[in-house]
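Each chain is listed here by its residues.
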Amino acid sequence: DQQVKQNSPSLSVQEGRISILNCDYTNSMFDYFLWYKKYPAEGPTFLISISSIKDKNEDGRFTVFLNKSAKHLSLHIVPSQPGDSAVYFCAASADKLTFGKGITLSVRP
Amino acid sequence: GAGVSQSPRYKVAKRGQDVALRCDPISGHVSLFWYQQALGQGPEFLTYFQNEAQLDKSGLPSDRFFAERPEGSVSTLKIQRTQQEDSAVYLCASSLLSRTGGNQPQHFGDGTRLSIL
């Protein structure tokens, strides 16, 4: 039973355009949500987070949106850059982190 | 360095051997976590330490898995009598505060890739 779902395994976007990465969750006890970025042979790197009391958090080119009623969050990257190409993991926390399977983002020059 | 350090980066062992994986968290971080990441999956929680106390080991898959953090800093994950299904990347993460200290991100090391032949 996957509590955090990233249903699309991959996304390809043109450089300069917006990348939208989606994540759904089932556990209503989750109160903190995070996005991690991972390059091959490296550990996940923290990108941005949002508390369940907020619906939006922005940091530079990265914005995370949380829709609690729909149990859905999304990461927007704008403008997308080739260096953004990586695997992105959505994670949610009640007392421990639960991760999705990840989505591979490819940004085409 | 300032990040989480894990060693070895790669470990190959024969089925039945014992292995030990090391994690050096960020200095001063209270919380330490171990995760197992299978190919094509996200990391899965194994165990949690607050300083030297192992407060949650609910994710350990069997009693062959054992973790310790005796002085509240470096941690070791030991797997006894390894089996092929133990092949995975083992990730360590640390965070500044305890789990009840408020929302905060976990910072990950680069992992140990374990291959059991």
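Residues numbered from 1 in each chain as written. Chains lettered and ligands numbered in written order. Predicted model: local features only at pLDDT ≥ 70, side-chain atom pairs only at ≥ 80, totals over all residues. Heavy atoms only, no water.

A. Structural detail: the sheet that holds strand 3 (residues 19-25) of chain A. All names here are of chain A. Strand order across the open sheet formed by 5 strands is 1-3-8-7-6, with antiparallel pairing between neighbours. Each end of this open sheet is capped by a strand with a single partner; those strands are strand 1 (4-5) and strand 6 (56-59). Taken together, the 4 bridges between strand 6 and strand 7 (residues 62-67) define a ladder with antiparallel strand orientation. Bridge pairing in strand 7 places D59 opposite F62. (Pairing = 2+ DSSP bridges. Helix = DSSP H or I, 4+ residues; strand = E, 2+ residues; numbered from the N terminus.)

B. Here's a closer look at the pattern of salt bridges. Residue and element names in this part refer to chain B. This structure, assessed with the given rule, holds 5 salt bridges over all chains. Of the charged contacts, one joins R22 and D24 as a salt bridge, the two residues approaching to 2.9 Å between their closest N and O atoms. Given the relative accessible area of 38%, R22 is considered partly exposed. (Salt bridge = Lys/Arg side-chain N within 4 Å of Asp/Glu carboxyl O. Buried < 20%, exposed > 50% of the residue type's maximum accessible area, 1.4 Å probe, protein only.)

C. Region of interest: the side chain of R69 of chain B. Residue and element names in this part refer to chain B. Checked against the element boundaries, R69 lands in the loop between strand 7 (65-68) and strand 8 (75-79). Separated by 3.0 Å, the side chain of R69 and the backbone oxygen of H29 make a polar contact. R69 has contacts with P25, H29, V30, S31, L32, F49, Q50, N51, E52, V74 and S75, leaving out every residue within four places of it along the chain. (Polar contact = N/O pair within 3.5 Å; in protein donor to acceptor, adjacent residues only side chain to side chain. Contact = heavy atoms within 4.5 Å.)

D. How the structure looks around the packing of aromatic side chains. Evaluation of the coordinates by the stated rule reveals 14 aromatic pairs over all chains. When the ring of Y36 of chain A is compared with that of F46 of chain A, the centres are 5.9 Å apart and the planes differ by 70 degrees; the resulting orientation is edge-to-face. Of the two residues, Y36 of chain A sits in strand 4 (residues 32-38) while F46 of chain A sits in strand 5 (residues 45-51), which places them 10 residues apart along the sequence. When its relative accessible area of 26% is taken as the criterion, F46 of chain A is described as partly exposed. Among the aromatic side chains, those forming a connected cluster through ring pairs are Y36, F46, F89 and F99 of chain A together with F33, Y35, F45, Y48 and F108 of chain B. (Phe/Tyr/Trp six-rings, centres within 6.5 Å; stacked < 30°, edge-to-face > 60°.)

E. Layout of the interface of chain B and chain A. Facing the 20 residues of chain B at the interface are 18 residues of chain A. Interface area for chain B against chain A, summed over the two sides, is near 1500 Å², with a carbon-plus-sulfur share of 54%. When residues of chain B are sorted by the area they lose upon contact with chain A, P43, N103 and F108 of chain B head the list and together hold 29% of the total. Linking chain B with chain A are 1 salt bridge. Across the pair K96 of chain A and D56 of chain B runs a salt bridge whose closest N-O atoms are separated by 3.4 Å. Run the count over chain B and chain A and you get 5 residue pairs in polar contact (both at pLDDT 80 or more). Its residues assigned to classes, the side of chain B that touches chain A comprises 7 nonpolar, 9 polar and 4 charged. (Buried area = accessible area lost by both parts, 1.4 Å probe. Nonpolar A, V, L, I, M, F, W, Y, C, P; charged D, E, K, R; others polar.)

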